[in-house]
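If you want the building blocks of each chain, they are given just below.
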Amino acid sequence: MALRRGKTAPAASKKLGQLTTAFSMTRKADPKMLPLVLGTFVVVVAVFVLLGLLLKHPVYLAILGVLFALVAGAAVFGRRVQRTAFGQVEGQLGAAAAVLSNMRGNWRVTPAVGFTKEQDLLHRVVGRPGIVLVGEGAQNRVRHLIGAEKRALSRVIGETPVYEVVVGDGEGQIALKDLEKHFLRLPRNIKPAQVNALEARLKALRGNAAM
């Protein structure tokens, strides 16, 4: 039991440190963050207190209001942190790879499986939908990278679905801030065990190509 507590304490301390860092960085870059979080907390508590007075259960609903206010405040804080993070990396080389590597869920991200001398990049993601090829850069050059990667993949992936994503603000492109949302909306075509097997075949393919 003592060993378990010893492992838990550093993990909690690390998470607290990450939250503190995120709060400090976001507050500097986004002055509206703190007023919005506090305002959300106060409004939610006020609504529950008012309901408590109307229903003649002020204490119970006030406690419930504080709990809901904490959840709502945390949600607002999380969105502002994410918005600030996107603003800081958007337009930088490899921004899409950074977002892909921090998405929720079991995604196997291999950055820069293709690139051009003009610094266009192609990233490969393996997950329940199948394979997703994500390009960032000039659309015509990225499309060429995607085509080359699909031809290489066709030798080992069988009937596995392959999706194409080009990051950007143009027609037919996915904005960086919407990238994770786009991935979460993709259909689940293969089972978790198949994801592992697929990733192993792709690693072997890449190893053979490097030889």
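Reading the values: rules and limits
Residues numbered from 1 in each chain as written. Predicted model: local features only at pLDDT ≥ 70, side-chain atom pairs only at ≥ 80, totals over all residues. Heavy atoms only, no water. Helix = DSSP H or I, 4+ residues; strand = E, 2+ residues; numbered from the N terminus. Buried < 20%, exposed > 50% of the residue type's maximum accessible area, 1.4 Å probe, protein only. Salt bridge = Lys/Arg side-chain N within 4 Å of Asp/Glu carboxyl O. Pairing = 2+ DSSP bridges. Axes fitted to C-alpha atoms, helices over the stretch in contact; angles between N-to-C directions. Contact = heavy atoms within 4.5 Å.

K.L.:
Got a minute to help me understand unusual backbone geometry in this structure?
P.N.:
Note: most peptide bonds trans; most residues except glycine with negative phi. A positive phi angle, close to 65 degrees, is found at Lys56, a residue other than glycine. Its place among the elements puts Lys56 in the loop between α2 (33-55) and α3 (58-89). Its relative accessible area of 73% is what places Lys56 among the exposed residues. With a phi close to 75 degrees, Gln119 is a non-glycine residue in the positive phi region. Take Gln119: it is sitting in the loop between β1 (108-115) and β2 (121-127). Accessibility expressed as a relative area gives 52% for Gln119, which makes it exposed.

K.L.:
Please clarify how the pattern of salt bridges should be interpreted in this entry.
P.N.:
If the charged atoms of two oppositely charged side chains come close together, the side chains can form a pair. As enumerated under the stated definition, the model contains nine salt bridges in all. Between Arg108 and Glu199 there is a salt bridge, with its nearest N and O atoms 2.4 Å apart. Placement of the pair is Arg108 in strand β1 and Glu199 in helix α7 (residues 192-210), with a sequence separation of 91 residues. A relative accessible area of 17% places Arg108 in the buried class. Residue Arg141 is joined to Glu118 by a salt bridge in which the shortest nitrogen-to-oxygen separation is 3.8 Å. Of this pair, Arg141 sits in helix α5 (residues 139-153) while Glu118 is found in the loop between β1 and β2, placing the two residues 23 residues apart along the sequence. Given the relative accessible area of 29%, Arg141 is considered partly exposed. Judged by relative accessible area, Glu118 falls into the partly exposed class, the value being 38%. Look at the salt bridges and you will find they share partners, linking Glu118, Asp120 and Arg141 into a network.

K.L.:
Help me understand the sheet that holds strand β4 (residues 162-167), please; the structure alone is not making it clear to me.
P.N.:
Strands pair in a sheet through their backbones, by hydrogen bonds, and they do so in one of two ways: parallel or antiparallel. Strand order in this open sheet of four strands is β1-β2-β3-β4, and the pairing throughout is mixed. Of all strands in the sheet, those bounded by a partner on one side alone are β1 and β4. Each strand axis lies, on average, 25 degrees off the axis of its neighbour in the sheet, ignoring direction. Judged from the seven bridges that link them, β2 and strand β3 (residues 130-136) form a sheet pairing that is antiparallel. Residue pairing in the sheet places Val125 in a bridge with Val132 of β3. Against the sheet, α5 touches β1, β2, β3 and β4, its axis set at about 160 degrees to β4.

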